[in-house]
Amino acid sequence: MTKADKEGQRKAPILRFKGFTDDWEQRKLGEIGKTYSGLSGKNKSDFEKGNSNFVTFLEVLNNPVLKNIDLTNKVEIKENEHQNKVKRNDILFNTSSETPEEVATSTVVDVNQNNLYLNSFCFGFRPNVQFSNYYIGYYLRSNHFRSRVFCLAQGISRYNISKKSLIKLKLSLPKLEEQDKISRIFNQIELLLTLYERKLKLLSQVKKYFLDNLFTEKEYPNLRFKGFTDAWEQRKLGQVGKTQSGVGFPNEEQGGLEGIPFFKVSDMNNPGNEYEMVNANNYVKDDQLARKKWHPIKSVPAVIFAKVGAAIMLNRKRLVTRPFLIDNNSMAYIFDDSWDINFGKNIFETINLPRYAQVGALPSYNGSDIQGIKIFLPRKNEQSKIGIFIMTINEIITLYENKQQHLTKIKKTLLNTMFI
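Predicted model only: the values in this text are computed from it and were never measured.

Points about the packing of helix H6 (residues 176-214) against helix H10 (residues 380-417)
Inference 1: Relative orientation of the contacting elements H6 and H10 amounts to 160°, with a least axis distance of 10 Å. By the angle class used here, H6 and H10 are roughly antiparallel. Relative to H10, H6 is oriented so that their crossing is left-handed.
Inference 2: For the contact of H6 with H10, the class distribution of residues is 22 nonpolar, three polar and seven charged.

Observations concerning a positive patch on the surface
Inference 1: A surface patch of like charges, here positive, comprises Lys11, Lys28, Lys164, Lys168 and Lys170.
Inference 2: Mapped onto the fold, lysine 28 is located in strand E1 (residues 25-28).
Inference 3: Classification of lysine 28 as partly exposed rests on a relative accessible area of 35%.

A short note on the side chain of aspartate 340
Inference 1: Considering the arrangement of structural elements, one finds aspartate 340 in the loop between strand E21 (330-335) and helix H8 (341-349).
Inference 2: Notably, aspartate 340 is buried but unbridged: the nearest opposite-charge side chain belongs to lysine 380, and the N-O separation is 6.9 Å.

A short note on the sheet that holds strand E17 (residues 283-284)
Inference 1: In space, the three strands of this open sheet follow the order E17-E16-E20, with mixed pairing throughout. Either end of the sheet is taken by a strand with one partner, and the two such strands are E17 and strand E20 (325-326).
Inference 2: Bridge count between strand E16 (residues 260-263) and E20: two bridges; the pairing is parallel. Across the sheet, phenylalanine 263 pairs through a bridge with isoleucine 326, a residue of E20.

Digging into the sheet that holds strand E9 (residues 116-118)
Inference 1: Within the open sheet, the three strands sit side by side as E5-E3-E9. Their pairing is mixed. The sheet is open, and its two edges are formed by strand E5 (74-75) and E9, each paired on a single side.

Considerations on the side chain of glutamine 179
Inference 1: With respect to the helices and strands, glutamine 179 occurs in helix H6.
Inference 2: The class for glutamine 179 is buried, based on a relative accessible area of 2%.
Inference 3: Only 3.0 Å separates the side chain of glutamine 179 from the backbone oxygen of proline 174, close enough to count as a polar contact.
Inference 4: Apart from residues no more than four positions distant in its own chain, glutamine 179 is found in contact with Phe131, Ser132, Tyr135, Leu173 and Pro174.

Concerning the pattern of salt bridges
Side-chain pairs of opposite charge can arise where the charged atoms are in close proximity.
Inference 1: For the structure shown, the criterion picks out 17 salt bridges.
Inference 2: Of the charged contacts, one joins aspartate 110 and arginine 88 as a salt bridge, the two residues approaching to 3.1 Å between their closest N and O atoms. Taken together, the residues aspartate 110 in the loop between strand E8 (106-109) and E9 and arginine 88 in the loop between E5 and strand E6 (91-94) connect sequence positions 22 residues apart.
Inference 3: Here the salt bridges do not stand alone but share partners, grouping Glu25, Arg27 and Glu31 into one network.

Considerations on the nonpolar core
Inference 1: Counting residues in each nonpolar core, the largest one holds 71 residues, and the members touching the most others are Phe93, Ile136, Leu166, Leu171, Leu237, Phe305 and Trp339.
Inference 2: In contact with leucine 237, not counting residues within four places along its chain, are Tyr333, Trp339, Phe348, Ile351, Ile370, Gln371, Ile373 and Ile375.

Remarks on the packing of aromatic side chains
Two aromatic rings are characterised by how far apart their centres lie and by the angle between their planes.
Inference 1: Taken as a whole and assessed by the stated rule, the structure comprises 28 aromatic pairs.
Inference 2: When the ring of tyrosine 134 is compared with that of tyrosine 138, the centres are 6.1 Å apart and the planes differ by 15°; the resulting orientation is stacked. In this pair, tyrosine 134 and tyrosine 138 are both assigned in helix H3 (residues 133-139), four residues apart and thus about one turn of the helix distant.
Inference 3: One aromatic cluster is present, formed by Phe215, Trp232, Phe305, Tyr333, Phe335, Trp339, Phe343, Phe348 and Tyr365 through successive ring pairs.
Inference 4: Its guanidinium or amino end placed over the ring of phenylalanine 17, lysine 181 lies 5.8 Å from that ring's centre, counting from NZ or CZ.
Inference 5: If you follow lysine 403 out to its NZ or CZ, it ends over the ring of tyrosine 400, 5.1 Å from the centre.

Structural notes on the packing of H8 against H10
Inference 1: It is at 7 Å that the axes of H8 and H10 come closest, and there the two elements cross at 70°. Relative to H10, the element H8 lies roughly perpendicular. Regarding H8 and H10, the two cross each other, and that crossing is left-handed. Between H8 and H10, the contacting residues are Asn342, Phe343 and Asn346 on the first element and Gln383, Ile386, Gly387, Ile390, Met391 and Asn394 on the second.

Some details on unusual backbone geometry
Inference 1: Here the amide bond leading from valine 300 into proline 301 is cis, since omega sits at 10°, within 30 degrees of zero.
Inference 2: Its location among the elements puts proline 301 in the loop between helix H7 (286-292) and strand E18 (302-306).

Structural notes on the environment of aspartate 23
Inference 1: The residue aspartate 23 is located in the loop between helix H1 (3-6) and E1 in this model.
Inference 2: The exposure class assigned to aspartate 23 is exposed, which follows from its relative accessible area of 53%.

What about the environment of leucine 211?
Inference 1: Along the chain, leucine 211 falls in helix H6.
Inference 2: For leucine 211, a relative accessible area of 10% corresponds to the buried category.
Inference 3: Along the sequence, leucine 211 and glutamate 349 sit 138 residues apart, while their C-alpha atoms lie 8.2 Å from each other.
Inference 4: Residues contacting leucine 211, with those up to four places away along its chain left out, are Asn346, Glu349, Thr350 and Ile390.

Basis of the calculations
- Residues numbered from 1 in each chain as written.
- Predicted model: local features only at pLDDT ≥ 70, side-chain atom pairs only at ≥ 80, totals over all residues.
- Heavy atoms only, no water.
- Axes fitted to C-alpha atoms, helices over the stretch in contact; angles between N-to-C directions.
- Helix = DSSP H or I, 4+ residues; strand = E, 2+ residues; numbered from the N terminus.
- Parallel < 35°, antiparallel > 145°, perpendicular 65-115°, else oblique.
- Left-handed = near helix turned anticlockwise from the far one by under 90°.
- Nonpolar A, V, L, I, M, F, W, Y, C, P; charged D, E, K, R; others polar.
- Patch = residues over 30% accessible without salt bridge, like charges linked within 9 Å, V, L, I, M, F, W, Y side chains within 5 Å.
- Areas by Shrake-Rupley, 256 points an atom, 1.4 Å probe, with all protein chains shown as cover.
- Salt bridge = Lys/Arg side-chain N within 4 Å of Asp/Glu carboxyl O.
- Lys, Arg positive; Asp, Glu negative; His and termini not counted.
- Charge placed at Lys NZ, Arg CZ, Asp CG, Glu CD.
- Buried < 20%, exposed > 50% of the residue type's maximum accessible area, 1.4 Å probe, protein only.
- Pairing = 2+ DSSP bridges.
- Polar contact = N/O pair within 3.5 Å; in protein donor to acceptor, adjacent residues only side chain to side chain.
- Contact = heavy atoms within 4.5 Å.
- Core = buried A, V, L, I, M, F, W, Y, C linked by side-chain atoms within 4.5 Å.
- Phe/Tyr/Trp six-rings, centres within 6.5 Å; stacked < 30°, edge-to-face > 60°.
- Lys NZ or Arg CZ within 6 Å of the ring centre and 35° of its normal.

What follows is the structure in C-alpha coordinates.
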(Lines give C-alpha, C1' and ligand atoms only; values in the text may rest on other atoms or scores of the structure.)
Protein backbone atom coordinates (compact mmCIF):
# COMPACT_ATOMS: atom_id res chain seq x y z
CA MET A 1 0.00 0.00 0.00
CA THR A 2 1.37 3.38 -1.02
CA LYS A 3 1.36 6.52 1.05
CA ALA A 4 -1.41 7.83 -1.19
CA ASP A 5 -3.51 4.74 -0.36
CA LYS A 6 -3.10 5.33 3.36
CA GLU A 7 -4.24 8.91 3.00
CA GLY A 8 -7.35 7.84 1.11
CA GLN A 9 -6.16 9.28 -2.20
CA ARG A 10 -5.37 6.38 -4.46
CA LYS A 11 -3.25 7.13 -7.53
CA ALA A 12 -4.17 3.91 -9.35
CA PRO A 13 -7.40 1.90 -9.73
CA ILE A 14 -8.33 -1.31 -7.93
CA LEU A 15 -8.33 -3.31 -11.18
CA ARG A 16 -5.48 -2.96 -13.69
CA PHE A 17 -4.05 -4.75 -16.67
CA LYS A 18 -0.84 -6.71 -16.11
CA GLY A 19 2.33 -4.72 -16.61
CA PHE A 20 0.97 -1.32 -15.54
CA THR A 21 2.16 -0.04 -12.17
CA ASP A 22 2.67 3.73 -12.59
CA ASP A 23 0.51 6.17 -10.68
CA TRP A 24 -2.16 7.91 -12.72
CA GLU A 25 -1.65 11.61 -13.36
CA GLN A 26 -4.12 14.05 -11.84
CA ARG A 27 -4.98 17.03 -14.08
CA LYS A 28 -7.71 19.65 -13.87
CA LEU A 29 -9.87 19.90 -16.97
CA GLY A 30 -9.00 23.58 -17.29
CA GLU A 31 -5.29 22.73 -17.45
CA ILE A 32 -5.59 20.47 -20.47
CA GLY A 33 -7.97 22.30 -22.79
CA LYS A 34 -10.42 25.13 -23.36
CA THR A 35 -14.19 25.41 -23.34
CA TYR A 36 -16.43 26.87 -26.02
CA SER A 37 -20.13 27.69 -26.20
CA GLY A 38 -22.87 26.08 -28.22
CA LEU A 39 -25.07 27.83 -30.75
CA SER A 40 -26.08 31.35 -29.79
CA GLY A 41 -28.42 33.95 -31.24
CA LYS A 42 -30.53 31.36 -33.02
CA ASN A 43 -34.32 31.21 -33.21
CA LYS A 44 -36.81 28.63 -34.44
CA SER A 45 -36.70 29.87 -38.03
CA ASP A 46 -32.97 29.03 -38.27
CA PHE A 47 -33.55 25.29 -37.77
CA GLU A 48 -34.74 22.49 -40.06
CA LYS A 49 -32.94 24.10 -42.98
CA GLY A 50 -29.42 24.99 -44.12
CA ASN A 51 -26.33 22.89 -44.87
CA SER A 52 -25.02 22.49 -41.32
CA ASN A 53 -25.82 19.91 -38.66
CA PHE A 54 -25.89 20.20 -34.90
CA VAL A 55 -25.43 17.77 -32.02
CA THR A 56 -28.63 17.55 -29.96
CA PHE A 57 -28.99 17.50 -26.19
CA LEU A 58 -30.17 13.86 -26.33
CA GLU A 59 -27.16 12.79 -28.39
CA VAL A 60 -24.92 14.19 -25.65
CA LEU A 61 -27.02 12.60 -22.92
CA ASN A 62 -27.25 9.11 -24.42
CA ASN A 63 -23.75 8.43 -25.78
CA PRO A 64 -20.51 8.14 -23.79
CA VAL A 65 -18.79 8.25 -27.18
CA LEU A 66 -20.65 9.85 -30.09
CA LYS A 67 -19.96 7.76 -33.21
CA ASN A 68 -23.00 8.78 -35.26
CA ILE A 69 -25.07 11.94 -35.47
CA ASP A 70 -28.56 12.55 -36.81
CA LEU A 71 -27.94 14.24 -40.15
CA THR A 72 -31.56 15.42 -40.32
CA ASN A 73 -30.93 17.97 -37.55
CA LYS A 74 -30.24 20.94 -39.77
CA VAL A 75 -29.36 24.52 -38.83
CA GLU A 76 -28.69 27.52 -41.04
CA ILE A 77 -25.34 29.20 -40.39
CA LYS A 78 -25.05 32.43 -42.34
CA GLU A 79 -21.89 33.56 -44.10
CA ASN A 80 -19.53 35.49 -41.82
CA GLU A 81 -21.53 34.35 -38.76
CA HIS A 82 -19.28 33.32 -35.90
CA GLN A 83 -20.32 30.03 -34.29
CA ASN A 84 -18.05 27.44 -32.68
CA LYS A 85 -17.68 24.28 -34.73
CA VAL A 86 -17.54 20.85 -33.12
CA LYS A 87 -14.48 18.80 -34.03
CA ARG A 88 -13.51 15.19 -33.56
CA ASN A 89 -12.16 14.39 -30.05
CA ASP A 90 -14.04 17.32 -28.48
CA ILE A 91 -15.84 16.61 -25.22
CA LEU A 92 -19.41 17.95 -25.01
CA PHE A 93 -21.21 18.59 -21.70
CA ASN A 94 -24.83 19.47 -21.07
CA THR A 95 -25.29 22.40 -18.70
CA SER A 96 -28.84 21.91 -17.46
CA SER A 97 -31.16 19.04 -16.58
CA GLU A 98 -34.31 18.17 -14.65
CA THR A 99 -32.31 15.88 -12.34
CA PRO A 100 -28.88 16.35 -10.71
CA GLU A 101 -27.93 12.85 -11.94
CA GLU A 102 -27.97 14.07 -15.55
CA VAL A 103 -26.22 17.42 -15.10
CA ALA A 104 -22.94 17.69 -17.04
CA THR A 105 -23.47 14.34 -18.71
CA SER A 106 -20.91 14.21 -21.48
CA THR A 107 -20.01 12.62 -24.78
CA VAL A 108 -16.72 12.42 -26.66
CA VAL A 109 -17.05 13.18 -30.37
CA ASP A 110 -15.69 10.36 -32.51
CA VAL A 111 -17.06 11.47 -35.89
CA ASN A 112 -15.57 13.54 -38.70
CA GLN A 113 -18.26 15.91 -39.89
CA ASN A 114 -17.78 19.28 -41.50
CA ASN A 115 -19.98 22.17 -40.38
CA LEU A 116 -21.03 20.48 -37.16
CA TYR A 117 -22.28 22.65 -34.30
CA LEU A 118 -23.45 22.20 -30.71
CA ASN A 119 -26.90 22.99 -29.34
CA SER A 120 -27.26 25.93 -26.94
CA PHE A 121 -28.00 23.74 -23.89
CA CYS A 122 -24.47 22.33 -23.95
CA PHE A 123 -20.88 23.53 -24.09
CA GLY A 124 -17.81 22.03 -25.68
CA PHE A 125 -14.34 21.30 -24.37
CA ARG A 126 -11.37 20.98 -26.72
CA PRO A 127 -8.42 19.14 -25.12
CA ASN A 128 -4.84 19.98 -26.01
CA VAL A 129 -3.61 16.54 -24.93
CA GLN A 130 -4.28 13.20 -26.57
CA PHE A 131 -6.93 10.91 -25.08
CA SER A 132 -8.33 7.54 -25.94
CA ASN A 133 -11.93 8.50 -26.69
CA TYR A 134 -13.52 5.46 -25.05
CA TYR A 135 -11.35 5.85 -21.98
CA ILE A 136 -12.31 9.48 -21.38
CA GLY A 137 -15.92 8.88 -22.43
CA TYR A 138 -16.44 6.23 -19.78
CA TYR A 139 -14.23 7.87 -17.18
CA LEU A 140 -16.53 10.91 -17.29
CA ARG A 141 -19.50 8.59 -16.61
CA SER A 142 -17.87 6.65 -13.78
CA ASN A 143 -19.13 7.04 -10.22
CA HIS A 144 -15.74 8.49 -9.26
CA PHE A 145 -16.23 11.47 -11.54
CA ARG A 146 -20.03 11.77 -11.43
CA SER A 147 -20.13 11.90 -7.61
CA ARG A 148 -18.06 15.08 -7.74
CA VAL A 149 -20.30 16.56 -10.43
CA PHE A 150 -23.43 16.00 -8.31
CA CYS A 151 -21.97 18.20 -5.60
CA LEU A 152 -21.71 21.09 -8.07
CA ALA A 153 -25.28 20.88 -9.42
CA GLN A 154 -27.42 23.83 -8.36
CA GLY A 155 -31.14 24.47 -8.65
CA ILE A 156 -34.55 23.33 -7.43
CA SER A 157 -36.95 22.54 -10.29
CA ARG A 158 -34.06 22.41 -12.76
CA TYR A 159 -30.38 21.78 -12.10
CA ASN A 160 -27.48 23.66 -13.64
CA ILE A 161 -23.71 23.63 -13.60
CA SER A 162 -21.24 26.30 -14.72
CA LYS A 163 -18.27 25.81 -17.01
CA LYS A 164 -16.13 27.60 -14.45
CA SER A 165 -16.83 25.08 -11.69
CA LEU A 166 -16.67 22.03 -13.96
CA ILE A 167 -13.22 22.73 -15.38
CA LYS A 168 -11.81 22.81 -11.83
CA LEU A 169 -12.48 19.09 -11.48
CA LYS A 170 -9.53 16.76 -11.83
CA LEU A 171 -9.23 13.86 -14.22
CA SER A 172 -7.16 10.76 -13.57
CA LEU A 173 -5.07 10.02 -16.63
CA PRO A 174 -2.98 6.90 -17.12
CA LYS A 175 -0.54 6.61 -19.99
CA LEU A 176 -2.13 6.39 -23.41
CA GLU A 177 -1.27 2.70 -23.77
CA GLU A 178 -3.24 1.86 -20.63
CA GLN A 179 -6.09 4.12 -21.75
CA ASP A 180 -6.24 2.16 -25.01
CA LYS A 181 -6.50 -1.18 -23.19
CA ILE A 182 -9.31 0.11 -20.98
CA SER A 183 -11.01 1.56 -24.05
CA ARG A 184 -10.99 -1.78 -25.83
CA ILE A 185 -12.79 -3.41 -22.90
CA PHE A 186 -15.62 -0.88 -22.95
CA ASN A 187 -15.75 -0.82 -26.72
CA GLN A 188 -16.26 -4.60 -26.80
CA ILE A 189 -18.96 -4.37 -24.12
CA GLU A 190 -20.77 -1.71 -26.16
CA LEU A 191 -20.56 -3.82 -29.31
CA LEU A 192 -22.04 -6.81 -27.47
CA LEU A 193 -24.81 -4.71 -25.90
CA THR A 194 -25.65 -3.32 -29.34
CA LEU A 195 -25.72 -6.85 -30.74
CA TYR A 196 -28.08 -8.04 -27.99
CA GLU A 197 -30.30 -5.00 -28.53
CA ARG A 198 -30.55 -5.76 -32.25
CA LYS A 199 -31.30 -9.43 -31.60
CA LEU A 200 -34.01 -8.50 -29.09
CA LYS A 201 -35.56 -6.08 -31.56
CA LEU A 202 -35.53 -8.72 -34.29
CA LEU A 203 -36.97 -11.39 -31.96
CA SER A 204 -39.75 -9.00 -30.89
CA GLN A 205 -40.61 -8.44 -34.54
CA VAL A 206 -40.63 -12.20 -35.17
CA LYS A 207 -42.87 -12.78 -32.15
CA LYS A 208 -45.27 -10.03 -33.25
CA TYR A 209 -45.48 -11.52 -36.73
CA PHE A 210 -46.46 -14.93 -35.39
CA LEU A 211 -48.88 -13.50 -32.81
CA ASP A 212 -50.56 -11.47 -35.55
CA ASN A 213 -50.89 -14.47 -37.87
CA LEU A 214 -51.43 -17.40 -35.49
CA PHE A 215 -54.02 -15.55 -33.38
CA THR A 216 -56.58 -13.86 -35.63
CA GLU A 217 -60.19 -12.76 -35.23
CA LYS A 218 -61.56 -15.31 -37.68
CA GLU A 219 -62.25 -19.02 -37.96
CA TYR A 220 -59.16 -19.82 -40.00
CA PRO A 221 -55.90 -18.07 -39.00
CA ASN A 222 -53.32 -17.00 -41.56
CA LEU A 223 -50.71 -19.51 -40.33
CA ARG A 224 -51.27 -23.06 -39.10
CA PHE A 225 -49.22 -26.09 -38.21
CA LYS A 226 -49.38 -28.99 -40.63
CA GLY A 227 -52.29 -31.35 -40.04
CA PHE A 228 -54.73 -28.84 -38.55
CA THR A 229 -57.63 -27.81 -40.77
CA ASP A 230 -60.66 -27.46 -38.46
CA ALA A 231 -62.32 -24.08 -38.06
CA TRP A 232 -61.65 -22.28 -34.78
CA GLU A 233 -64.70 -21.81 -32.57
CA GLN A 234 -65.75 -18.33 -31.51
CA ARG A 235 -66.29 -18.10 -27.75
CA LYS A 236 -66.63 -15.39 -25.16
CA LEU A 237 -63.98 -15.43 -22.42
CA GLY A 238 -66.79 -15.87 -19.88
CA GLN A 239 -67.74 -19.20 -21.52
CA VAL A 240 -64.28 -20.73 -21.08
CA GLY A 241 -63.18 -19.15 -17.81
CA LYS A 242 -64.09 -16.52 -15.26
CA THR A 243 -62.81 -13.27 -13.80
CA GLN A 244 -62.14 -12.51 -10.16
CA SER A 245 -61.30 -9.14 -8.62
CA GLY A 246 -58.87 -8.59 -5.78
CA VAL A 247 -59.41 -7.46 -2.19
CA GLY A 248 -58.26 -4.56 -0.05
CA PHE A 249 -54.74 -4.93 1.36
CA PRO A 250 -54.25 -2.66 4.41
CA ASN A 251 -50.75 -1.26 4.95
CA GLU A 252 -50.49 -2.89 8.37
CA GLU A 253 -50.91 -6.34 6.79
CA GLN A 254 -48.16 -5.82 4.23
CA GLY A 255 -44.48 -6.70 4.44
CA GLY A 256 -44.72 -10.44 5.09
CA LEU A 257 -41.96 -12.65 3.71
CA GLU A 258 -43.62 -16.09 3.97
CA GLY A 259 -46.89 -17.69 2.99
CA ILE A 260 -49.24 -17.03 0.07
CA PRO A 261 -48.07 -14.34 -2.39
CA PHE A 262 -50.27 -11.23 -2.33
CA PHE A 263 -49.67 -9.58 -5.68
CA LYS A 264 -50.02 -5.88 -6.32
CA VAL A 265 -49.89 -4.28 -9.77
CA SER A 266 -46.41 -2.94 -8.98
CA ASP A 267 -45.12 -6.51 -8.53
CA MET A 268 -45.25 -6.91 -12.31
CA ASN A 269 -42.13 -4.72 -12.39
CA ASN A 270 -40.09 -7.15 -10.27
CA PRO A 271 -37.16 -8.90 -12.00
CA GLY A 272 -38.26 -12.39 -12.99
CA ASN A 273 -41.93 -11.42 -13.33
CA GLU A 274 -41.77 -10.41 -16.99
CA TYR A 275 -43.88 -13.38 -18.11
CA GLU A 276 -45.00 -15.29 -15.01
CA MET A 277 -45.39 -13.98 -11.45
CA VAL A 278 -42.67 -15.89 -9.62
CA ASN A 279 -42.11 -13.49 -6.71
CA ALA A 280 -44.02 -10.90 -4.70
CA ASN A 281 -43.16 -8.00 -2.43
CA ASN A 282 -45.71 -9.23 0.12
CA TYR A 283 -46.76 -12.63 1.47
CA VAL A 284 -49.50 -13.49 3.99
CA LYS A 285 -49.68 -16.36 6.47
CA ASP A 286 -52.58 -18.60 7.49
CA ASP A 287 -53.44 -16.52 10.57
CA GLN A 288 -53.85 -13.42 8.38
CA LEU A 289 -56.03 -15.35 5.95
CA ALA A 290 -58.28 -16.50 8.78
CA ARG A 291 -58.44 -13.14 10.52
CA LYS A 292 -59.15 -11.14 7.36
CA LYS A 293 -61.32 -13.87 5.81
CA TRP A 294 -59.26 -13.78 2.65
CA HIS A 295 -59.67 -16.66 0.22
CA PRO A 296 -56.66 -17.32 -2.03
CA ILE A 297 -57.34 -17.98 -5.69
CA LYS A 298 -56.48 -21.67 -6.01
CA SER A 299 -57.87 -22.27 -9.49
CA VAL A 300 -54.70 -21.87 -11.47
CA PRO A 301 -53.37 -21.22 -14.03
CA ALA A 302 -54.67 -17.68 -14.32
CA VAL A 303 -53.69 -14.37 -15.85
CA ILE A 304 -53.64 -11.17 -13.80
CA PHE A 305 -53.76 -7.54 -14.96
CA ALA A 306 -54.49 -4.05 -13.66
CA LYS A 307 -58.22 -3.28 -13.43
CA VAL A 308 -58.28 0.40 -12.45
CA GLY A 309 -56.26 3.55 -13.03
CA ALA A 310 -53.47 4.57 -15.37
CA ALA A 311 -51.80 1.13 -15.08
CA ILE A 312 -54.59 -0.23 -17.31
CA MET A 313 -53.10 1.63 -20.25
CA LEU A 314 -49.85 -0.35 -19.98
CA ASN A 315 -51.86 -3.41 -21.09
CA ARG A 316 -49.67 -5.80 -19.08
CA LYS A 317 -50.71 -9.36 -18.28
CA ARG A 318 -48.87 -11.93 -16.20
CA LEU A 319 -49.33 -15.67 -15.78
CA VAL A 320 -49.82 -17.17 -12.30
CA THR A 321 -49.49 -20.92 -11.72
CA ARG A 322 -49.74 -21.27 -7.92
CA PRO A 323 -52.35 -20.14 -5.34
CA PHE A 324 -52.31 -16.38 -4.85
CA LEU A 325 -54.12 -13.23 -3.75
CA ILE A 326 -54.40 -9.93 -5.57
CA ASP A 327 -55.24 -6.46 -4.31
CA ASN A 328 -58.33 -4.52 -5.35
CA ASN A 329 -56.50 -2.69 -8.15
CA SER A 330 -56.07 -6.01 -9.96
CA MET A 331 -58.17 -8.62 -11.69
CA ALA A 332 -57.56 -12.27 -12.55
CA TYR A 333 -58.89 -14.33 -15.42
CA ILE A 334 -59.04 -18.01 -14.47
CA PHE A 335 -58.78 -20.51 -17.32
CA ASP A 336 -61.01 -23.59 -17.41
CA ASP A 337 -60.08 -26.98 -18.91
CA SER A 338 -60.68 -25.74 -22.47
CA TRP A 339 -57.27 -24.08 -22.54
CA ASP A 340 -53.64 -24.95 -23.04
CA ILE A 341 -52.04 -22.52 -20.63
CA ASN A 342 -49.27 -21.24 -22.91
CA PHE A 343 -51.79 -20.67 -25.68
CA GLY A 344 -54.11 -18.90 -23.23
CA LYS A 345 -51.42 -16.55 -21.97
CA ASN A 346 -50.39 -15.64 -25.49
CA ILE A 347 -53.92 -15.09 -26.75
CA PHE A 348 -54.20 -12.55 -23.93
CA GLU A 349 -51.09 -10.88 -25.33
CA THR A 350 -53.05 -10.19 -28.52
CA ILE A 351 -56.02 -8.61 -26.71
CA ASN A 352 -55.93 -4.83 -26.31
CA LEU A 353 -57.59 -4.73 -22.90
CA PRO A 354 -57.66 -0.89 -22.58
CA ARG A 355 -60.14 -0.92 -25.46
CA TYR A 356 -62.69 -2.47 -23.08
CA ALA A 357 -62.13 -0.10 -20.14
CA GLN A 358 -65.02 2.00 -18.85
CA VAL A 359 -64.35 5.72 -19.16
CA GLY A 360 -64.61 7.82 -16.00
CA ALA A 361 -62.49 9.72 -13.52
CA LEU A 362 -60.31 6.60 -13.62
CA PRO A 363 -60.46 3.95 -16.35
CA SER A 364 -61.60 0.60 -14.99
CA TYR A 365 -62.97 -2.84 -15.84
CA ASN A 366 -65.84 -4.86 -14.47
CA GLY A 367 -65.74 -8.61 -14.71
CA SER A 368 -68.42 -8.50 -17.40
CA ASP A 369 -66.23 -6.22 -19.54
CA ILE A 370 -63.59 -8.93 -19.73
CA GLN A 371 -65.89 -11.95 -19.86
CA GLY A 372 -67.71 -10.47 -22.84
CA ILE A 373 -64.56 -10.33 -25.01
CA LYS A 374 -64.88 -12.64 -28.03
CA ILE A 375 -61.99 -14.88 -29.09
CA PHE A 376 -61.49 -17.78 -31.51
CA LEU A 377 -60.38 -21.01 -29.87
CA PRO A 378 -58.93 -24.10 -31.65
CA ARG A 379 -58.89 -27.63 -30.31
CA LYS A 380 -56.57 -28.18 -27.37
CA ASN A 381 -53.94 -30.17 -29.31
CA GLU A 382 -53.54 -27.29 -31.77
CA GLN A 383 -53.41 -24.85 -28.86
CA SER A 384 -50.56 -26.88 -27.40
CA LYS A 385 -48.51 -26.73 -30.62
CA ILE A 386 -48.95 -22.97 -30.86
CA GLY A 387 -48.31 -22.45 -27.14
CA ILE A 388 -45.02 -24.38 -27.19
CA PHE A 389 -43.87 -22.51 -30.30
CA ILE A 390 -44.50 -19.05 -28.82
CA MET A 391 -43.05 -20.15 -25.48
CA THR A 392 -39.82 -21.12 -27.26
CA ILE A 393 -39.57 -17.63 -28.76
CA ASN A 394 -40.21 -16.15 -25.29
CA GLU A 395 -37.44 -18.27 -23.80
CA ILE A 396 -34.95 -17.05 -26.43
CA ILE A 397 -35.99 -13.45 -25.76
CA THR A 398 -35.52 -14.00 -22.03
CA LEU A 399 -32.09 -15.52 -22.68
CA TYR A 400 -30.91 -12.39 -24.50
CA GLU A 401 -32.52 -10.10 -21.94
CA ASN A 402 -30.60 -11.92 -19.20
CA LYS A 403 -27.36 -11.64 -21.19
CA GLN A 404 -27.99 -7.94 -21.67
CA GLN A 405 -28.69 -7.39 -17.96
CA HIS A 406 -25.65 -9.44 -16.91
CA LEU A 407 -23.35 -7.54 -19.25
CA THR A 408 -24.76 -4.21 -18.04
CA LYS A 409 -23.90 -5.23 -14.46
CA ILE A 410 -20.36 -6.15 -15.54
CA LYS A 411 -20.04 -2.76 -17.22
CA LYS A 412 -21.22 -1.01 -14.06
CA THR A 413 -18.72 -2.96 -11.95
CA LEU A 414 -15.87 -2.09 -14.30
CA LEU A 415 -16.84 1.58 -14.20
CA ASN A 416 -16.33 1.46 -10.43
CA THR A 417 -13.08 -0.53 -10.41
CA MET A 418 -11.10 0.53 -13.50
CA PHE A 419 -11.15 4.26 -12.74
CA ILE A 420 -10.09 6.47 -9.84
